[in-house]
Amino acid sequence: MIKPRLFLRVSGLGWFLVAAVAEAQVPVLEISGANFRPMPLAVAAPQAQDPKAKVKAAEFDATLLFDLSASGIFQVLDRKSFLADRNEGVTASSINFARWANVGADGLVKTELSSEGDLLRADLHFFTVGTGKEQFKLTHSTPERDVRKLAHILADGVYRGLTREPGPFQSHLAYVRKTAQGKEVYVSDWDGKNGQVMNSGGPNVLNVLPALLPDGSGVAFTTYRTGKPMIFVQRFGSPAAPLVKSDHMATGIAFSPDGKRIAYSLASAESTQIWVAQADGSGPKQLTDTPYFINTSPSWAPDGKRIAFVSNQGGSPQIYVMNTDGSGVRRLTFQGNYNQTPDWSPRGDLIAFTARDERRAFDLFTVNVDTGKITRLTQDQGDNEEPAFSPNGRLIIFSSGRTGTSRLFVMSSDGSNQLPLPMESGTYSTPDWGR
Amino acid sequence: MATAEAQIHPAVQRSLLVGYRLPLRRFLIGSVIGHVALFGAISAATYFQLGPRIDLNQQPIKASLVRLGKPPDPKLLPRIQPQQEAQKPPEPEPRKPEQPKAVAPTPEPKAVSIGPTPKKPPEQSPADRRKQLLTALNRTSRSTGSKTAQQIEEMEGQLDGDPNGDSATQEGERYYGLLKAQVQRNYDVSQTIPEQERLHLKARVIVLIGRTGEVLKVQLASSSGNTLFDGSVLAAVKKASPFAPPPDHLRDALQRRGIALEFRP
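Residues numbered from 1 in each chain as written. Chains lettered and ligands numbered in written order. Predicted model: local features only at pLDDT ≥ 70, side-chain atom pairs only at ≥ 80, totals over all residues.

Caption draft 1: Quick look at the confidence of the model for chain B. All names here are of chain B. Looking at chain B, the pLDDT average stands at 72 and 58% of residues meet or exceed 70. Note on residues 84-122: pLDDT under 50 across the span, and 8 contacts to partners over four residues away in sequence or across chains. Counted against residues more than four places away or in other chains, residues 141-166, with its pLDDT under 50, gives 5 contacts. Taken together, the chains of this predicted complex give a pTM of 0.74 and an interface ipTM of 0.77. (pLDDT = per-residue confidence, 0-100. Contact = placed C-beta atoms within 7 Å.)

Caption draft 2: Quick look at helix α3 (residues 25-48) of chain B. For α3(B), with 24 residues, the first-to-last C-alpha span of 34 Å sits near the 34 Å given by 1.5 Å per residue. Judged by how many residues are buried, α3(B) sits mostly at the surface: 0 of 24 residues are covered. (Helix = DSSP H or I, 4+ residues; strand = E, 2+ residues; numbered from the N terminus. Expected span 1.5 Å × (residues − 1). Buried ≥ 20, exposed ≤ 12 C-beta atoms within 10 Å, placed from the backbone.)

Caption draft 3: Broad picture of the pairing of strand β10 (residues 183-189) of chain A. Residue and element names in this part refer to chain A. With 6 of 7 residues buried, β10 lies mostly within the body of the structure. Where strand β9 (residues 172-178) lies against β10, 7 bridges are found, and the strand directions are antiparallel. Residue pairing for β10: His172 is matched across the bridge by Asp189. Where β9 folds back onto β10 in an antiparallel hairpin, the turn is made up of 4 residues, including Gly182, whose phi is positive at roughly 155°. What sits between the antiparallel neighbours β10 and strand β11 (residues 196-197) is a turn of 6 residues, in which Gly192 has the positive phi angle 85°. (Pairing = 2+ DSSP bridges.)

Caption draft 4: Region of interest: helix α11 (residues 227-240) of chain B. For α11(B), built from 14 residues, the straight-helix expectation of 20 Å at 1.5 Å per residue is met to within 8% by its first-to-last C-alpha distance of 20 Å. Buried residues of α11(B): B:Leu228, B:Phe229, B:Asp230, B:Ser232, B:Val233, B:Ala236, B:Val237 and B:Ala240, and no others.

Caption draft 5: Up close: the interface of chain A and chain B. Each side of the interface is counted separately: chain A has 35 residues, and chain B has 30 residues. Residue assignment for the side of chain A that touches chain B shows that the elements contributing at least two residues are α1 (2-25), β1 (28-31), β2 (35-37), α4 (147-163) and β27 (374-376) of chain A. Looking at the side of chain A that touches chain B element by element, the count peaks at 4 residues for β1(A). Split by residue class, the side of chain A that touches chain B holds 15 nonpolar, 12 polar and 8 charged. In the sheet, β1(A) pairs with strand β4 (residues 259-263) of chain B via 4 bridges, with the strands oriented parallel. Note on β4(B): the bridge partner recorded for A:Val28 is B:Ala260. (Nonpolar A, V, L, I, M, F, W, Y, C, P; charged D, E, K, R; others polar.)

Caption draft 6: A look at the pairing of strand β30 (residues 407-412) of chain A. All names here are of chain A. With 6 of its 6 residues buried, β30 lies for the most part within the structure. On β30, burial covers both faces: Arg407, Phe409 and Met411 on one face and Leu408, Val410 and Ser412 on the other are all buried. The turn joining strand β29 (residues 395-400) and β30, which pair antiparallel and follow one another in sequence, is formed by 6 residues; a positive phi near 115° is taken by Gly404. One ladder, built from 2 bridges, connects β30 with strand β31 (residues 419-420); its direction is antiparallel. Of the residues in β31, the one forming a bridge with Phe409 is Pro420.

Below, the structure written as structure tokens:
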């Protein structure tokens, strides 16, 4: 009786050992260095549940589609290639995932629109095609007129649902539009839609270089309404008022990320210097002191401890950084001989800027703040200028003359996926992207 | 005799074979001492100043001459080089057609050559068959030397091969290297995976590879916890299939136990 038991035990142990040895004998190859690519995403046309929702469906669809296309993390697939039944349901059990896999989709977005009184309700389902499972579901309602906002909210939800980072699609954009009267400052949704003109100050007036207030309550800009350039601030619903009081010419305002301080440049007859002050313009303090040279275009680091700016103290306009007390001035760019309009990424690592290259074309570049490494973002596409990082630092809006007139484009911060903003035709420049 | 002595050439008289006193002796002694000292000094110098050791197991170092272009002006701004896109596409193209070729033709000719043989056996007795087999065996054993030599000549060498031939383990290493490179080329991961999460992702996959290099089975041995990453890893292996036929000594192991691929971003 004992012997067989013992035999079984021994043999069991033996098998375990054999299995362990076999497992150990399987050679292991370590593979790393993945190619991170945008996820091929199919966005099915929204399904309107009632006539009211049907009216709003097209605008909702276009807004959501552009947000996801511009996000940089998706490669939104062309609907013409879709094989699935148009009336396919929005639940995992009713979806034929093989058909979505056949068109190359890894992700699938399905939305339902319905009206609840004066509210428009959207239900968004995100599916992983490979597993055939619903990864998450988002539901939101807004007043009917805010259908674009509803789409932006859902796009941000999708962005956050996957990357766990805030999306940039509910943020705002300030820009300058050339009109018959002069140049006007506008504030709009991030995609340039719902543009609202700010106080013009009369005909033939130039209002340029807008900077959104960090709390989203308005915009500050440089205006030539009195002849010489001055910095004004305008909050929504209030008239524009001077912000920087100086006898010198004040241009190019930038708000610190916490909104408590401002930086700008003051030009006298012989030089231009950078100043900082409290957000209301009080307590001005001069930071740079280089007689006969021009220091301009300040941009704050996300921690508010340093400022990037342009200076020609080395002979040509180059990007410099300094501490906010004016100490520790350091030249950052040594390539190119005409570098300007720096914008410090909210992620802190990069500064985007415009440079004129040896072919005399204006293009966009980034410089790594720590290493000084310069990376080109645009090339051979007309003149590209004035980069502005998204609040999450993943996207850049810039002006480009590639289509003949200056228009606004968006791209990923590595220069990929360049798309024109869906704005009506016009001449646009100097974007500023804020909350 | 006296005349004969008188006729000896003066050169013969100076020959070293003829015993006479040499005035050069001290120079010779000096020369010997000098050579010994020099030899001693050289051997002492080489003993104390050892040069780089020669590693006999060192793999051959491949060097290739590259034409240097004009170095970019460090003051100019960088330009985007379109080469990366141009280089990528040709890589997968030639490889994929190769493998089916290697797989497909081999069974076909065999099928043709075997084809007529099954027709004969029913007509022949078992004894005849044995005879035939024996003669065939003799023929092959006689001609093995010449045939293998022919085969070796016919086989195309690898461009990066060792002229003295690779050992079995080296061949295996090479195969694993190819396999790894092929999977890596197809290792596309979704950009939607959060950056913080990318640091911790690790998935292990067991792949069983058939005789012709086709993937028999892909199985997730340990999940990364992220379904997207797991999916990308499985897709990378499937997209990379088929691989080159495994070398003889790995064939059974790859078919039965397979190989583990450990993926990290």
